[in-house]
Amino acid sequence: MQPIMDTSLWLAHKRRALTHPVDGADFLMRRTAEDLADRLGAVERRFGKAAVLFCQTPAAAETLAESGKVADIVRVETDTAFLSGGGAGLIAPLETVPFEPESLDLAVSLLSLQAMNDIPGMLIQIRRALRPDGLFLGAFAGAGTLFELRESLLAAETELYGGASPRVIPFTDVRDAGTLLQRAGLALPVADVETVTVRYASLFNLMADLRAMGETNALTDRSRRPGSRKLFARAAEIYAERFSDPDGRMRASFSIVWMSGWAPDASQQKPLKPGSAKVSLKAILEAPGGQ
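Model, not experiment: these values are computed from the prediction. (Residues numbered from 1 in each chain as written. Predicted model: local features only at pLDDT ≥ 70, side-chain atom pairs only at ≥ 80, totals over all residues. Heavy atoms only, no water.)

Brief notes about the pattern of salt bridges
At step 1: Under the counting rule described, the total for this entry stands at 18 salt bridges.
At step 2: Here Glu159 and Arg234 are joined by a salt bridge, their closest N and O atoms 2.9 Å apart. With a gap of 75 residues between them, Glu159 in helix H5 (residues 147-161) and Arg234 in helix H8 (residues 229-243) connect regions that are remote in the sequence.
At step 3: The partly exposed category is assigned to Glu159, whose relative accessible area is 48%.
At step 4: Note that Asp245 and Arg251 form a salt bridge whose closest N and O atoms lie 2.6 Å from each other.
At step 5: Through salt bridges with shared partners, one network takes in Glu159, Arg234, Glu237 and Glu241. (Salt bridge = Lys/Arg side-chain N within 4 Å of Asp/Glu carboxyl O. Helix = DSSP H or I, 4+ residues; strand = E, 2+ residues; numbered from the N terminus. Buried < 20%, exposed > 50% of the residue type's maximum accessible area, 1.4 Å probe, protein only.)

A look at the nonpolar core
At step 1: Grouped together as the largest cluster of nonpolar side chains are 88 residues, with contacts concentrated most on Leu53, Leu64, Phe136 and Phe254.
At step 2: Here this core gets 8 residues from one element, more than from any other, and that element is strand E7 (residues 250-262). (Core = buried A, V, L, I, M, F, W, Y, C linked by side-chain atoms within 4.5 Å.)

Details of the sheet that holds strand E4 (residues 104-110)
At step 1: Strand order in the open sheet formed by 7 strands is E3-E2-E1-E4-E5-E7-E6, with mixed pairing between adjacent strands. Only two strands of the sheet have a single neighbouring strand rather than two, namely strand E3 (89-91) and strand E6 (187-200). Averaged over all pairs of adjacent strands, the angle between their axes in this sheet comes to 15°, without regard to strand direction.
At step 2: Both strand E1 (residues 47-53) and E4 contribute to a ladder of 3 bridges, which runs parallel. Following the sheet pairing, Ala51 is matched in E4 by Ala107.
At step 3: The sheet strands contacting helix H7 (residues 203-213) are E6 and E7, and the helix crosses E7 at an angle near 35°. (Pairing = 2+ DSSP bridges. Axes fitted to C-alpha atoms, helices over the stretch in contact; angles between N-to-C directions. Contact = heavy atoms within 4.5 Å.)

Quick word on the pairing of E7
At step 1: Among the 13 residues that make up E7, 12 are buried, leaving the element largely enclosed by the rest of the structure.
At step 2: Direction of pairing for strand E5 (residues 130-141) relative to E7: antiparallel, over a ladder of 7 bridges. Following the sheet pairing, Ala141 is matched in E7 by Ile256.
At step 3: Two strands pair when backbone bridges link them, and E6 and E7 are joined in this way by 12 bridges, in the antiparallel orientation. The residue bridging Val196 from the neighbouring strand is Phe254, located in E7.

Describing the pairing of E5
At step 1: Among the 12 residues that make up E5, 9 are buried, leaving the element largely enclosed by the rest of the structure.
At step 2: As paired elements, E4 and E5 share 6 bridges and run parallel to each other. In the strand pairing of E5, Leu104 is matched with Leu130.

Concerning the packing of helix H1 (residues 7-19) against H7
At step 1: Put simply, H1 and H7 touch, their axes get as near as 7 Å, and they point 100° apart. The angle between H1 and H7 places the two elements in the roughly perpendicular class. Contact with H1, carried on its side by Lys14, Arg16 and Ala17, involves Arg211, Ala212 and Met213 of H7 and no other residues of that element.
At step 2: Of the residues contributing to the contact of H1 with H7, the split by class is 3 nonpolar, no polar and 3 charged. (Parallel < 35°, antiparallel > 145°, perpendicular 65-115°, else oblique. Nonpolar A, V, L, I, M, F, W, Y, C, P; charged D, E, K, R; others polar.)

What follows is the structure in C-alpha cells.
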C-alpha cells in the first residue's frame with residue numbers, strides 16, 4: 001500500500017520547528033504531558049524501565065521523572081536534535097521500537113502516532129517489547145482534529161478551482177484505536193478522547209501555530225503546487241463565517257485520543273466465560289424483590 005504520510009517531510013518540518021522555536025507553540029504537547037501525569041498517577045504501581053517513543057521534546061520524559069514511579073527512562077528519537085534537553089537517548093528510525101522482547105515495563109508515545117503509516121505494526125512492536133504486565137500509554141491527534149480547517153480549505157478550493165487536494169491528514173477514530181490495541185495483543189485495552197478547543201483571531205494565526213509545531217501538510221498525495229493567496233484568503237473568510245464565536249474569534253479543535261493497554265500476564269483480571277455464572281438472570285428477576 002502507498003504510504004499516507006511522507007514521514008521524511010514530517011520529520012523535516014519537526015526539525016525546522018525545533019530550530020525556529022516560537023514561545024507557547026508547544027501548548028498541545030504540554031497539555032498532553034499534563035494529562036499523562038494524571039493518567040500515570042492513577043496507576044498504583046512503579047516501573048523499572050520506561051521508553052518514551054518519538055515525542056520530539058523532553059516533556060513526556062520529564063513527566064515520568066517527576067512522577068517518581070519510574071526508575072530508568074530512555075528516550076527514543078529519529079535525530080539527536082530531538083534529544084536536546086538531556087536524558088538517556090537512542091536514535092532509531094520512525095515506526096521502530098529498538099528494544100529486546102520483554103525488556104520494558106512502560107512505553108509512552110505522545111503526539112506522533114498520527115504521523116505513522118503503520119500504527120498496527122508500531123503497537124505490535126510495543127507489545128513485544130513490554131514485559132508481562134507492562135503498560136503502554138499513548139496519545140495522538142485523532143478524528144475531529146482541525147475539522148474546521150479541513151472544511152474551510154475544502155470549500156474554498158472547490159469553489160475557486162472546482163476540486164481539492166488533501167491538506168489535512170486523515171485522523172484515526174477513537175473506536176478504531178480500541179480495535180488496534182486488541183489487534184496488537186494488548187490486554188485490558190482502553191481508548192478515550194479529550195477535545196481541546198483553541199480560539200484564534202484568524203485562520204492565519206492557526207496556521208502559524210501549526211507551522212511552529214511542525215505540523216504542516218506532509219501527506220504523500222499533497223499538491224506540489226503551493227496554495228495561492230487567493231485560496232487562503234477565501235478559506236479564512238469561510239472559516240470566519242462558519243466557526244466564529246460572537247466575539248469574532250475562531251475555534252480550532254484538537255481531539256486527543258488516549259490509548260492504554262497491558263502486555264498479557266496471568267495475574268490480570270479476565271472476563272468470565274459465557275455460561276460460567278452460578279446464578280441465572282432469570283432466577284434473579286423471579287426472586288422476591290426482583291424487577
